[in-house]
Each structure stands twice: as C-alpha cells, then as structure tokens.
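# Fold and contact review
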Amino acid sequence: MDIQLALDRVTIEDALAIVKETEEYIDLIEVGTSLIKEYGIESVRKIKNAYPHKRVVADIKTIDNAEYEFNLCFDAGADIATVMGVSSIETIKKCLQITNKKQKIVMVDLLNTTENKRNQLFSLSNPNVIFCDHLSKDEQEISGKRNTFSHLDNVWSIRYAVAGGITTDSVDQLVDKKLEIAIIGSAITNSSKPEKTAKRFKELLKGL
Ligand SMILES: O=C(CO)[C@H](O)[C@H](O)COP(=O)(O)O
C-alpha cells in the first residue's frame, strides 16, 4: 500500500522540510487544503518543482467550478486533484473530463456521502479515478470519532484510498482491505521525529 503524506496546517517551508526528512518512505505528497487556502496554488507549484519525481496531490476539495479549479491544479503541476463526492454529478463529470483529457488522476473524497451517492459515484469508476474514504478533522477532534473503514469491504474492484486520523496503532485495521493508498497527515507532520514515524508506517504497510 502506498503512503500519501498529507501536509496541512504548516508553512510551505515547513512542508518542504518534512518531505525532505520523509521522502524515502512516502509515495505521494499531498498539498493539503489548508496550504492551498493559505498560500494559494503556488504551494502546489513549489512542492511539485521541488519533488518532480513524486506524485503530487492537490487537495483542493472542489465542490463547484470544476473546470477552473482542476485546470489550476494540473497546470501548477499536480498529478492528482480532489473533488468532493457530495458535489453535483455535473461537477464530478467535468472533473473526470478534464482529468481524462490531461491524463491525470481525480481523487473523489467520499466525506459525508450517502450510500446512494457512493453507488452513483462508483458507477463512474475508471482507471483515472481513486475514491477516498475520509473521516473529517472536525469529527475526529470535536466528536472523537475514529474511522472504522467498515464500508470498504465491498469495493474490491475500484481504486481506493483512506484518510483521517490514521496512526501507527490503527493501520492494522487496513489489513485485507485491498487499498491502494493510506493518506497520513498529522501522525507524521506532528511527530517529533517525522522520519522515524514515516519509516515505521512504511514497515507496517509493506506488503498490504
Ligand atoms: O484531508 C485532510 C483534512 O481535511 C487530511 O489530508 C486528512 O485528514 C489526513 O490528515 P490526518 O491524518 O491528520 O487526519
């Protein structure tokens, strides 16, 4: 399983320093929504320029204005851009259209989607789409919720990632889920030893 390092609530300089330390153990770099909101699309450009050999995810969380936002991300060098699954089907289809045209990847964030909407989204699955099971920061921090990854059991045939509060103690729940990507943020970025923590995740996820 690949590791996507989510960079949130840090400066671009700190983000670059964390990637430098952890580079050997991570597969994708996520320019978090907070970085894009605070520093703009330049955050994506700077991180891709510094790590051209890594897949860079722009976590723009598009919910409307798909063409403009997806072109912005891809033109800045992102390999993957995110759209919220709760968006209208017009928005999702436009993201897919731009992604296919530019031969990039779209990650559909399933936060707050209903089962009906998820089934509708899964029917659009193609090799350029990765779905992301996501437990929000606010649900984690305010309500103390933990992701149980329970509805992942029926999704063998599609590309799948998980995000939200994953720690070295919770990765064992990902065994046998046939996931492509574990998105890990604060467990690494808030660690006093990011390199050691990223290395531990790599060891734990190897072979999964
Ligand atoms: O999309 C995000 C926040 O909206 C984060 O990328 C995701 O939640 C991973 O970060 P963490 O491991 O700290 O929860």
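Structure's up top.
A short tour of the structure in this document, coming up.

Criteria and thresholds
- Residues numbered from 1 in each chain as written.
- Predicted model: local features only at pLDDT ≥ 70, side-chain atom pairs only at ≥ 80, totals over all residues.
- Heavy atoms only, no water.
- Helix = DSSP H or I, 4+ residues; strand = E, 2+ residues; numbered from the N terminus.
- Rg over C-alpha atoms; globule rule 2.2 N^0.38 Å.
- Buried < 20%, exposed > 50% of the residue type's maximum accessible area, 1.4 Å probe, protein only.
- Contact = heavy atoms within 4.5 Å.
- Areas by Shrake-Rupley, 256 points an atom, 1.4 Å probe, with all protein chains shown as cover.
- Salt bridge = Lys/Arg side-chain N within 4 Å of Asp/Glu carboxyl O.
- Near = heavy atom within 4 Å.
- Polar contact = N/O pair within 3.5 Å; in protein donor to acceptor, adjacent residues only side chain to side chain.
- Pairing = 2+ DSSP bridges.
- Disulfide = S-S within 2.5 Å.
- Expected span 1.5 Å × (residues − 1).
- Arc of directions from axis to C-beta.
- Core = buried A, V, L, I, M, F, W, Y, C linked by side-chain atoms within 4.5 Å.

### Overview of the overall build of the chain
Tallying secondary structure elements over the chain gives nine helices and eight strands in all. Scaling as 2.2 N^0.38, a compact globule of 208 residues should have a C-alpha radius of gyration of about 17 Å, and the chain matches this with 16 Å. Reported as C-alpha extents along the three principal axes, the dimensions of the chain are approximately 45 × 35 × 35 Å. Evaluated residue by residue, the chain yields a buried proportion of 52% over its 208 residues. Restricting to contacts in the chain with at least 6 residues of sequence separation, those with at least 24 account for 63%. About 10100 Å² of surface is accessible on the chain, with carbon and sulfur atoms providing 47% of the total.

### Here we look at the pattern of salt bridges
Scanning the entire structure with this criterion turns up eleven salt bridges. Between D75 and K102 there is a salt bridge, and its shortest N-O distance comes to 2.9 Å. Linking D75 in helix α4 (residues 66-75) with K102 in helix α5 (residues 89-102), this pair joins segments that are 27 residues apart in sequence. By relative accessible area, which is 53% here, D75 ends up exposed. Here K145 ties to E139 by a salt bridge, and the two come within 3.3 Å at their closest N and O atoms.

### Some words on the site of the ligand
In the vicinity of the ligand there are 13 residues, among which E30, K137, G165, G185 and S186 approach most closely. Between an oxygen atom of the ligand and a side-chain N or O atom of E30, the distance comes to 2.8 Å. A distance of 2.9 Å separates an oxygen atom of the ligand from a polar backbone atom of G185. Among the secondary structure elements, those contributing two or more residues to the shell around the ligand are β3 (55-62) and α7 (137-143).

### Observations regarding the pairing of strand β8 (residues 181-184)
Note on strand geometry: in a regular strand, side chains alternate between the two faces of the sheet. Side chains I181 and I183 project from β8 onto one buried face, and the interleaved A182 and I184 project onto a second face that is buried too. Of the strand pairs in this sheet, strand β1 (residues 2-7) and β8 are connected by four bridges, and their pairing is parallel. Among the inter-strand pairings, D2 is bridged to a residue of β8, identified as I181. Pairing between strand β7 (residues 160-163) and β8: three bridges, direction parallel. Across the sheet, A163 pairs through a bridge with I183, a residue of β8.

### Considering the state of the cysteines
The final tally for this structure, using the stated rule, is zero disulfides. A disulfide-free cysteine, C73 has its sulfur positioned 9.3 Å from the sulfur of C95, the nearest such atom. Accessibility expressed as a relative area gives 0% for C73, which makes it buried. C132 takes part in no disulfide bond, and the closest cysteine sulfur, belonging to C95, lies 15 Å away.

### Overview of α5
Taking 1.5 Å of rise per residue, 14 residues should cover 20 Å, and α5 covers 20 Å from first to last C-alpha, within 8% of that figure. Considered for burial, the residues of α5 that qualify are T91, I92, C95, L96, I98 and T99. Buried residues along α5 cover an arc of 165° about the axis, so they all sit on one side. Among the exposed residues of α5, those pointing more than 90 degrees away from its buried face are E90 and K101. Where α5 terminates, the next one or two residues include Q103, which has phi positive at roughly 55°.

### Things to note about the nonpolar core
Counting residues in each nonpolar core, the largest one holds 55 residues, and the members touching the most others are V44, F70, V108, F131, I166 and L174. Those residues in contact with F131, other than ones at most four positions away along the chain, are V108, L110, L121, F122, S125, I158, R159, Y160 and A161.

### A word on the pairing of β3
Of all eight residues that make up β3, six are buried, and the element is covered over most of its length. Looking at chain direction, strand β2 (residues 28-31) and β3 are connected through four bridges and run parallel. Pairing of I29 across the sheet is with V56, part of β3. Summarising the sheet, β3 and strand β4 (residues 80-84) pair through three bridges and their orientation is parallel. Across the sheet, A58 pairs through a bridge with A81, a residue of β4.

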